[in-house]
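Take a look at the letters that make up each chain.
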Amino acid sequence: MRMSRAAARTSPRIDGSQAGLVTGRRKAARNVKEASMNIGVLKEVKQHERRVALLPIHAQTLSGLGHSVYVEFGAGEGAGFTDVEYQASGAKLVVKDEVLSRSRLLLKVKAPLRSEYDDYAPHHILFTYLHFDENIPAEDLSDLVGRGFTGIAYEWVGSAGQYPLLEPMSRLTGYLFAQKSLELCATEKGIFCPRNESILPGGRALIIGCGNIGLSAFKYLSDLGIPLTLVVTKGSEDFNRKANQRFGTAGVDYLRTTGSDLVVMDNKDPYRTKDAIASVLAETDIVLNCAVRRAELSKTKMEYLIDRAMVRVMQRGSIVCDCTACDQDMIETCTSSASLYHSYREHDVVHYNCDHIPAMVANTATRLLTARTFVYVRQIADLGSVQAASADDNLRNGICCCASHLTHELSARKKGLPYRRLGDVLETLPTAA
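Definitions and cut-offs
Residues numbered from 1 in each chain as written. Predicted model: local features only at pLDDT ≥ 70, side-chain atom pairs only at ≥ 80, totals over all residues. Heavy atoms only, no water. pLDDT = per-residue confidence, 0-100. Contact = heavy atoms within 4.5 Å. Salt bridge = Lys/Arg side-chain N within 4 Å of Asp/Glu carboxyl O. Helix = DSSP H or I, 4+ residues; strand = E, 2+ residues; numbered from the N terminus. Buried < 20%, exposed > 50% of the residue type's maximum accessible area, 1.4 Å probe, protein only. Expected span 1.5 Å × (residues − 1). Core = buried A, V, L, I, M, F, W, Y, C linked by side-chain atoms within 4.5 Å. Phe/Tyr/Trp six-rings, centres within 6.5 Å; stacked < 30°, edge-to-face > 60°. Lys NZ or Arg CZ within 6 Å of the ring centre and 35° of its normal.

Draft legend 1. Geometry of the confidence of the model for the protein chain. When pLDDT is averaged along the protein chain, the result is 92; 91% of the residues meet or exceed 70. Counting interchain partners and residues more than four positions distant, the pLDDT-below-50 stretch residues 1-33 has 45 contacts.

Draft legend 2. Spatial organisation of the pattern of salt bridges. Under the definition given, this model contains 27 salt bridges. Residue Lys242 pairs with Asp238 through a salt bridge whose shortest N-O separation is 3.3 Å. One end of the pair is Lys242 and the other is Asp238, both in helix H9 (residues 236-247) and 4 residues apart, which spans about a single turn. The class for Lys242 is partly exposed, based on a relative accessible area of 30%. The salt bridge involving Arg293 is made with Asp329; its shortest N-O contact spans 2.9 Å. With Arg293 in the loop between strand E10 (286-289) and helix H12 (308-313) and Asp329 in the loop between strand E11 (319-322) and strand E12 (344-346), the pair connects residues that are 36 residues apart, well separated along the chain. For Arg293, a relative accessible area of 18% translates into the label buried. The exposure class assigned to Asp329 is buried, which follows from its relative accessible area of 12%. Here the residues in one salt-bridge network are Glu188, Arg316, Arg345 and Asp348, joined through shared partners.

Draft legend 3. Main features of H9. Taking 1.5 Å per residue, 12 residues should reach 16 Å; H9 reaches 16 Å between its end C-alpha atoms and fits that length. Here H9 has its buried residues at Asp238, Phe239, Asn240, Ala243, Asn244, Arg246 and Phe247. Packed against the buried residues of H9 are helix H7 (167-189), helix H8 (212-222), strand E8 (228-232) and helix H10 (254-258). At the C-terminal side of H9, Gly248 shows a positive phi close to 70°.

Draft legend 4. Up close: the nonpolar core. Counting 86 residues, the largest nonpolar core has Phe127 and Phe239 as its most contacted members. Top element by residues in this core is helix H13 (residues 362-383). It accounts for 10 residues. The next biggest cluster of nonpolar side chains, apart from the first, holds 22 residues, and it includes Leu42, Tyr70, Leu141 and Trp156.

Draft legend 5. Fine view of the packing of aromatic side chains. Scanning the entire structure with this criterion turns up 9 aromatic pairs. Considering the side-chain rings of Tyr129 and Tyr154, the 4.8 Å spacing of their centres and the 80° angle between planes classify their relative orientation as edge-to-face. With a gap of 25 residues between them, Tyr129 in the loop between strand E5 (125-128) and helix H6 (138-145) and Tyr154 in the loop between strand E6 (150-153) and H7 connect regions that are remote in the sequence. Accessibility classification places Tyr129 together with Tyr154 in one group, the buried group. Each ring, one from Trp156 and one from Tyr163, has its centre 5.6 Å from the other, and the planes form 85°; the classification is edge-to-face. For Tyr163, a relative accessible area of 30% translates into the label partly exposed. The ring centre of Tyr352 lies 5.3 Å from the NZ or CZ of Lys180, which sits over that ring. Of note, Lys219 hangs over the ring of Phe247, and the distance from its end group to the ring centre comes to 5.3 Å.

See the structure below:
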């Protein structure tokens, strides 16, 4: 998946799934006068995070359009992009404090850590993954929003259920968790799960959820001949339709050709699904949870899909991963980690729940991510203000905080914090803020 240097010099392609989003952006941009923007690229400080939010070729494009790009020393080194490359592309290499003081638009990959909260000020537009609705404590979220900056979350940019900045990392996450789980099963349980030829006994895996993450895990493991049990929200026809659409095939019965077993999630009686999962755990070597909790499956309705008692049934050294990195959400014993390499045992079952596994392949991940994000980086820079950016529905949906107000309703509801409509907040801002 590594791209050549020549390929990296081309502009990011826009696939069909983004066509509608691009149309919306063009409509918003037609009535806005382009202005120069000071853009800052920050070095990630999260443990083992090596991705970077902008490629050198993108810095060159922005500089050519009259924008100024400030890159923190070493920001791209972990992903294979040197300071010399950024400098040759027209960016200015500076220390972090200068990035923060000179820049209006700040680019990152991961959500800010507590140690970074004081970096942001009301004049900043921060474009990154924010994940306000996930593991961040409500008190921390309130403090971060209180810094007054405008936060545009990669994961919420989009419309009509399409989130183009979340999709590439979700797909990569599924492949990497499948790969890591096989490694752990070999080293911790002593089982080589693939069945590359008939003499190999192999192992079994259970995949919960078949969205972008789950389909990647399915593809990776099924290609190696590993027998799978899949837990899905609908039936076989829906699964095969999604798989054919995802993998560019037509009419393939993936369940039949891979010999996979299917468990359909029963939201009316989730304990039936829970019992079906419990019945296969004793013979399952790897569990990959790729599903996030939906509104119709509240904690009061069913606290865990896999609880502690069910984990105890699994054989010694078996592997459990929550690929969504949501703490004690669908699986009681899963807690996320910032480390790419940390695993732990509960009831003698190995758990691995890294919350940013794409950083393991930082070059590949950076290229996949920035191929999607740069279209929006350029748009925000060209539009020049929060008001102008918010005129685009796709960007507007990504604005999660502004002027010390939490403007993302789902996050506010989940954290029990005050919510304010973005439109009401924008009315209070100075023109072209």
